[in-house]
Structure formats: structure tokens, C-alpha cells
Amino acid sequence: MAALFDHPAYYDLLLRTASGEECQFLKGCFERYAGRPVRRVFEPACGSGRLLIRLGLSGFEVSGFDLNRHAVQYCNARLTRYGLPPSAVVRDIEDFRLSRRADAAFNLISSFQYLPTERSALRHLQSMVASLARGGLYIIGLQLLPLRGRRIALEKWAGRRGPLSVTARIWTKRIERRSRRELCGLSVNVVTPRRRLTITEDMILRTYTAHQMRRLLRKVSQFEVAATYDFRYDLAHPASIDARTQDAVYVLRRR
Ligand SMILES: C[S@@+](CC[C@H](N)C(=O)[O-])C[C@H]1O[C@@H](n2cnc3c(N)ncnc32)[C@H](O)[C@@H]1O
């Protein structure tokens, strides 16, 4: 498991700018695509809870699972600080049932690709079906492997709060097409007036072409694809997904 996730405060800062846009997008999807009013939302692989906390402060009842106990502790401490229930739990997202079904769920920035096999991805989707009310949404954002056109293989993130600055690079080291594994390098630099920290690590993500993702989703007939988008998260502009697509967001609706 990547060590950046052991430092949820730095992770949060890297994604702070994106979080507001993503949250607006999620709320827009709830209104536009859900077949029911959305009150209760769930995030599998919630990490630091950067999105759960914003949604909680907007009035949604939020909860999340993550395998990383540092991230879960940080998430719960922040929820508590804002007067919200500490509803993040250390738990694997592969196979589970929520005791109370959610109206919507989301899993952005490729967390879905941490599920290492087709079987685990399928079990996760089936768990989501069982954990969502009818008409509820599951919004998944991931990086597809484009078969045509240019593929972006390096991403840079940066965040600053007062004297604390965090920068990160994540890049593709190798793609193993047969085993559908992408080996990514991650390098993070943290600078404060008194400290410098560098985190370097490798992560393995499961790869999906547009076709492989379509085939996987077809196996879970309880979900229909209500809409697709890209990482611009522009609600007014759905984006079709084809063999050139890299950034993909699927808005799935529970039948
Ligand atoms: C890229 S972070 C995304 C966090 C959060 N969804 C967000 O948007 O900021 C990926 C998270 O997935 C979690 N994770 C990976 N595999 C998991 C699994 N099988 N079960 C639960 N959490 C998992 C990691 O611990 C990490 O916090």
C-alpha cells in the first residue's frame, strides 16, 4: 500500500483544489441522475475523507471504508471536529454489505483500480449493488488505457498551506498488458520551515481499456450506465467513452 496514504494531511493538501470541483460534480449527479432523493452517501476507499467531509458539511449523511488506518483515523478526527459522526471504518472494499443502504456512492481518482483482479472488481461491484437502494448511484472515476491517440503518463500535483508545501509526481513505469498491471512511480516532496520529507514508492493498478470496462459492467446487470464524463467534471458536458479515452467517469444507476 502506498505510503502517501499514511500521510493523509499531505494527500489532502495535494488534492484540495480538485476537491471542491469534484464535490460540486457529485452533488450535480445526485440531482440529475439518481432515481431517488439522495441523503445517505458512501465512499468505498474514502482515504482522508476529503470529499466525505465536504458532503457531510453540505448536509448529507456520510460514511466510508478504507484499508488504511491512518487515513481512517484522520478522516474520523476531521468529521468529529466539524461536528459530524466519525463514520469511516477500516475495511476492505472488495466484499461487504452496508447495514443501511446508501442513496449514492462514489469512488474517484482511480481507487477502483486498486482492486487487483477481475474477480475482486466484480465482487466489489456486487457489494455496491447490495449496498445501494434502487435508483441509487455509484459514480466511478478511473484512468482507462487508451488504445488509440496519446496517453498521458505523468501527472503532477501541488498544494500549499502557509509555509507547508507539498508537490507530487506520479508516472507510469511499466504496463504489463497480459496481466493488466500498471506499475506507477510516486514521488512526493514535503517542505516546511523545519522539515523536508521525500516519499518515493511504487503502486500497482489494474488496467482497463474502455472495452474491458464495458465488459465488466455488463456482468453486473443491476447497474445501468446513466451517463459518462471525463475528469473536467463538467456536468453540462457528458463525454462519450471510446478507445481513445483515458480519463473516464461512469455514473452507474442501480436498477
Ligand atoms: C487514491 S486514494 C483515494 C482516496 C479517496 N477516494 C479520494 O478520492 O481522495 C486510494 C485509497 O484506496 C484505499 N484502498 C486501496 N485498496 C483498498 C481496499 N481493497 N479496500 C479499502 N481501501 C482501499 C487506499 O488505502 C487509499 O486510501
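Located above this text is the structure these notes cover.
On a predicted model such as this, the values are computed, not experimentally measured, just so you know.

A. Structural view of the site of the ligand. Contacts to the ligand come from 21 residues, most closely from Ala45, Gly47, Leu67, Asn68 and Tyr114. Contributing elements (two or more residues each) for the shell around the ligand: helix H3 (50–57) and strand E2 (61–66). Each residue belonging to the shell around the ligand can be placed in one class, and the counts come to 13 nonpolar, three polar and five charged.

B. Representation of helix H4 (residues 69–81) within the structure. In a regular helix each residue adds 1.5 Å, so 13 residues correspond to 18 Å; H4 covers 18 Å between its end C-alpha atoms and thus fits that length. For H4, every residue scored as buried is listed here: Ala71, Val72, Tyr74, Cys75, Arg78 and Leu79. Along H4, the residues classed as buried sweep out an arc of 165° about the axis, all on the same side. Turned more than 90 degrees away from the buried face of H4, the exposed residues are Arg69, Thr80 and Arg81. Of the surrounding secondary structure, the elements contacted by the buried residues of H4 are helix H1 (8–14), H3, E2 and strand E3 (88–90). Of the residues trailing H4, glycine 83 is marked for its positive phi of about 80°.

C. Quick peek at the nonpolar core. Core analysis: the biggest nonpolar cluster contains 68 residues, and Val41, Ala104, Ala105, Leu137, Tyr138 and Ile139 have the highest contact counts within it. Per-element accounting of this core gives the leading share, six residues, to strand E5 (residues 132–143). Taken together, domain 1 (3–145 + 208–254) and domain 2 (154–206) each give at least three residues to this core, which thus spans both. Contact partners of valine 41, with chain neighbours within four places excluded, come to Leu55, Phe60, Val62, Ala102, Asp103, Ala104 and Ala105.

D. Molecular detail of helix H2 (residues 16–33). In this model H2 runs 26 Å from its N-terminal to its C-terminal C-alpha over 18 residues, within 8% of the 26 Å that 1.5 Å per residue would give. Next to the buried residues of H2 lie H3, strand E4 (102–107), E5 and strand E11 (247–254).

E. Looking closely at the sheet that holds E11. Within the open sheet, the seven strands sit side by side as E3-E2-E1-E4-E5-E11-E10. Their pairing is mixed. Edge positions in the open sheet fall to E3 and strand E10 (223–229), since each of these has one partner strand only. The mean inter-strand angle of the sheet, taken between neighbouring strand axes irrespective of direction, is 20°. Where strand E1 (residues 40–44) meets E2, five bridges bridge the pair, whose relative direction is parallel. Bridge pairing in E2 links proline 44 to phenylalanine 65.

Calculation rules
Residues numbered from 1 in each chain as written. Predicted model: local features only at pLDDT ≥ 70, side-chain atom pairs only at ≥ 80, totals over all residues. Near = placed C-beta within 6 Å. Helix = DSSP H or I, 4+ residues; strand = E, 2+ residues; numbered from the N terminus. Nonpolar A, V, L, I, M, F, W, Y, C, P; charged D, E, K, R; others polar. Expected span 1.5 Å × (residues − 1). Buried ≥ 20, exposed ≤ 12 C-beta atoms within 10 Å, placed from the backbone. Arc of directions from axis to C-beta. Contact = placed C-beta atoms within 7 Å. Core = buried A, V, L, I, M, F, W, Y, C linked by C-beta atoms within 7 Å. Domains from an automatic or database assignment. Pairing = 2+ DSSP bridges. Axes fitted to C-alpha atoms, helices over the stretch in contact; angles between N-to-C directions.

Just distances and angles here, no functional claims.
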